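Spelled out from the first residue to the last, the chains are:
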Amino acid sequence: NVKACIFDLDGVIVDTAKYHYLAWKRLANELGFDFTEKDNERLKGVSRMESLEILLEIGQVEVDEKTKVELAEKKNGWYREYITKMDESEILPGAKEFIETLKENNFKVAIGSSSKNTMTILESINMVDYFDAIIDGNKITKAKPEPEVFLLGAEALGINPKECVVFEDAKAGIEAAKRAGMFAIGVGSPEILKDADKIIPSMKNLTLDILDF
Ligand code: G6P
Ligand code: MG
C-alpha cells in the first residue's frame, strides 16, 4: 500500500536538467573538450563534485583539488544565473497537478534531490509549500545512487520505505530508490531507466492508478 511519493526535482518537477547540461558544457568547452547530451546522462542525480570528476575524466583533464573546487564553483555560478531567472512556467507538464491530486487524497509528498540549489529552485517556481518534507543536497552525506536521500525522506514523512514511490529521471536515482526498498517510477526514456518498476514519458495526465503495484 503506497502512502507517500518522493519526487526528484531536476528533470521531474522542473526542467533544470537542461541548465545543468548547458553549464557543464560551457565548462568542458572552456577546458578544451566537447561534452554531449549522452555524456550528460552520467551526471544526472550525481552530486556536483562527483559530476565534475566524471566530466574531467571524459575530457581526460587532470587538475589539483583546489582547482576542482574553483571549477565546480564556476559551473554553479553559471547554473544559478539560469535558475534564479526561472518561474512557474518552467514546471514540467502535469507535475503540479499530480502533486495536488496526491495531497487531496492524503498521500504524503516529499522532495529527494542531490541538489544544494533545491530551495532556490522551489522558491523560483513557488512550490516550497507543496511538500511535507524536503531532503536536498545539503542534508545528505552520500548522493544517489546511494539510497540515503530517499531513506531520509521516508523518515521525515514517518512512512515505511516499502510504502514509498519515487519519481526519477536519472539512472542513479532509480538505483537509489531500489536500494532504499521503494517502488521506482522512471520519468523519461526506457533505454536509460530500464531498472525502474514502471516508466512514463512525462508527468502529464497522471492519475492515482500509477501507484498500483
Ligand atoms: C541533481 C542533478 C545533478 C546535479 C545535482 C547537484 O541531482 O540531477 O545533475 O549535479 O543535483 O546539483 P547542485 O545544484 O547541488 O550542483
Ligand atoms: Mg533528476
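Residues numbered from 1 in each chain as written. Chains lettered and ligands numbered in written order. Predicted model: local features only at pLDDT ≥ 70, side-chain atom pairs only at ≥ 80, totals over all residues. Heavy atoms only, no water.

## Notes on the pattern of salt bridges
Oppositely charged side chains may form a pair once their charged atoms are brought near each other. Quick reminder of the rule: Criterion for a salt bridge: a side-chain nitrogen of Lys or Arg within 4 Å of a carboxyl oxygen of Asp or Glu. A helix here means a DSSP run of H or I that spans at least four residues, while a strand means a run of E at least two residues long, and both kinds are numbered starting from the N terminus. Think of it in three bands: residues with accessible area under 20% of the maximum for their type are buried, residues over 50% are exposed, and the middle band is partly exposed, with areas taken using a 1.4 Å probe on protein chains only.
For the structure on display, the rule yields 17 salt bridges. In this structure, Lys103 engages Asp132 in a salt bridge whose closest nitrogen and oxygen atoms are separated by 4.0 Å. Of this pair, Lys103 sits in helix α5 (residues 95-104) while Asp132 is found in the loop between α6 (118-124) and β3 (133-135), placing the two residues 29 residues apart along the sequence. Judged by relative accessible area, which is 32%, Lys103 ranks as partly exposed. Note on Asp132: relative accessible area 38%, which makes it partly exposed. Among the charged side chains, a network of salt bridges with common partners joins Asp8, Lys144 and Glu168.

## Describing the coordination of the magnesium ion (ligand 2)
Quick note on the threshold: Coordination partners: N, O, S within 2.8 Å of the metal, 3.2 Å for Na, K and Ca; water not considered, so apparent gaps in a site are possible.
Summarising the metal site, the magnesium ion (ligand 2) is bound by the protein donors Asp8 (OD), Asp10 (O) and Asp169 (OD), whose distances to it range over 2.0 to 2.1 Å. All donors to the magnesium ion (ligand 2) come from one chain, and their sequence spacing reads D-x1-D-x158-D. Of the two residues, Asp8 is situated in the loop between β1 (4-7) and α1 (17-30) and Asp169 in the loop between β4 (164-168) and α8 (171-179); the sequence distance between them amounts to 161 residues. Neither residue differs from the other here; Asp8 and Asp169 are each classed as buried.

## As for the nonpolar core
Put simply, the rule is: Buried residues of nine kinds, namely Ala, Val, Leu, Ile, Met, Phe, Trp, Tyr and Cys, make up a nonpolar core once their side-chain atoms join them within 4.5 Å. Contacts are assigned to residue pairs with any non-hydrogen atoms lying within 4.5 Å of each other.
Membership of the largest hydrophobic core comes to 52 residues, with the highest contact counts inside it found for Phe7, Ile13, Met127, Phe131, Phe167, Met203 and Leu211. Considering each element in turn, this core owes the most residues, 6 residues, to α1. Ignoring any residue separated from it by four or fewer positions in sequence, one finds Leu211 in contact with Val2, Cys5, Leu102, Phe107, Val165, Phe167 and Lys198. Counting residues in hydrophobic clusters, the runner-up holds 22 residues, among them Phe150, Leu157, Val166 and Ala176.

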